[in-house]
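# Structure at a glance
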Amino acid sequence: MEVGRQAAKPLSPDILVMLSRQLESRNSAKHCDLEKCEEVNRVYDVSAPGPNGHIPIRVYDSRSKVAAAPLLIYLHGGCWFLNSNFVSYDAFCRRLGKQTGCVVMAIDYRLSSEWKFPAGLEDCYAATQYCADQATFLNCSHDQIAIVGDSCGANLATAVCLLIKERGGQQLCAQVLLYPLTDYYLPAKPSFLTYDSGIYGVGFSGSCCKLGWDLLGADREPYGKPQQPSSLAAVLQHADVSGLPPAYIVLAECDIVHDEGEMYAQKLLDAGNTVHVKDYKGACHGHMMMAVDASIGGLKCQHGLEAIDDLCKMLAHLFKAS
């Protein structure tokens, strides 16, 4: 066995089915039938002023009456260069809003396929402040605003928290990081060596991760000169992560970025932050989104649905504590 490689743990049966179907039709999970999505009372688009023009935001409001509600700011995944909130993550945002009773504001930041670092992060920071400014108008509490991100969106979410600490702005009551990317592309980590092959790599592969980092350009000065990766991208390398909002970090056992997510959780804890970690055995990268898309297609991914239930319970706990 290669040095550093661990014996691979088995995927749960329901997730194995989802990955097999995704392998048969690579894009099926990302283009679900929106007519079968969760019904939400109001879904509408707004835009926030940004450093390079307007930033699209979609608002999901499941309230039948305009009662006070917490506010969730959502940053989508896609390795910084793939996906749009309004297509790929619509179903998940609807589910999240409906199940939590929160107003969800999903930010469609600039992608690294056209804009290099820190363009997407600057959009997320500006849009987060805009969303917070809208809390009163939306009848949301300024004390109950949380940021949620998955994969590279989790990376952006915690980087936004770091920028708020450094620059100022609306304080957030929680950061929710779903299978986060936290370190520069380093394929020597045990989880990377173990799960970057076969069916495991369907959810998220090392080649996709490397392409994401290459396109992001966070380790390049202008004109392409190499430099040390920015610690606002490789957040695991950030010198000071103290004083950040309480964190809920979701890990997937069979995920190439499992170890760096675990290491970041420990770094936050060592810095004196409140940290809750849930490590799902037999799960892969993206299993929560797969569960929502599967249910729309008439299938059931119990592993992912349980993770969504746990997320909603944890959000209720974090909001109550704020």
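The present account deals with the structure reproduced in this document. (Residues numbered from 1 in each chain as written. Predicted model: local features only at pLDDT ≥ 70, side-chain atom pairs only at ≥ 80, totals over all residues. Heavy atoms only, no water.)

## With respect to the packing of aromatic side chains
- All told, the structure shown has six aromatic pairs when counted by the stated rule.
- Judged by centre distance (5.1 Å) and plane angle (70 degrees), the rings of Tyr184 and Trp213 are edge-to-face. Taken together, the positions of Tyr184 in the loop between strand S6 (174-178) and helix H6 (190-195) and Trp213 in helix H8 (residues 206-216) put the pair 29 residues apart, joining distant regions of the chain.
- Judged by its relative accessible area of 0%, Trp213 falls in the buried class.
- Taken together, the ring pairs in this structure connect Tyr74, Tyr89 and Phe92 into an aromatic cluster.
- The residue whose ring lies beneath Arg110 is Trp115, and the NZ or CZ to ring-centre distance is 4.8 Å.
- One cation-aromatic arrangement involves Arg167 over Tyr125; the distance from NZ or CZ to the ring centre is 5.0 Å. (Phe/Tyr/Trp six-rings, centres within 6.5 Å; stacked < 30°, edge-to-face > 60°. Helix = DSSP H or I, 4+ residues; strand = E, 2+ residues; numbered from the N terminus. Buried < 20%, exposed > 50% of the residue type's maximum accessible area, 1.4 Å probe, protein only. Lys NZ or Arg CZ within 6 Å of the ring centre and 35° of its normal.)

## Some points on the pairing of strand S5 (residues 140-150)
- Note that strand S3 (residues 69-75) and S5 share six bridges and pair parallel. Within S5, the position partnered with Leu72 by the bridge is Ala146.
- Of the strand pairs in this sheet, S5 and S6 are connected by five bridges, and their pairing is parallel. Looking at S6, one finds that Val148 is bridged to Val176.
- Read from S5 through helix H5 (residues 152-167) to S6, the crossover connection turns out right-handed. (Pairing = 2+ DSSP bridges. Right-handed = clockwise from strand over helix to strand, strands pointing away.)

## A few points about the packing of helix H3 (residues 90-100) against helix H11 (residues 302-321)
- The N-to-C vectors of H3 and H11 enclose an angle of 50 degrees; their axes lie 10 Å apart at closest approach. Comparing their axes, H11 and H3 come out oblique. The two elements H3 and H11 cross, and the hand of that crossing is right-handed. The segment H3 lies against H11, with Phe92, Arg95, Leu96, Gln99 and Thr100 engaging Leu305, Ile308, Asp309, Leu311, Cys312 and Leu315.
- Here the residues of the contact of H3 with H11 sort into seven nonpolar, two polar and two charged. (Axes fitted to C-alpha atoms, helices over the stretch in contact; angles between N-to-C directions. Parallel < 35°, antiparallel > 145°, perpendicular 65-115°, else oblique. Left-handed = near helix turned anticlockwise from the far one by under 90°. Contact = heavy atoms within 4.5 Å. Nonpolar A, V, L, I, M, F, W, Y, C, P; charged D, E, K, R; others polar.)

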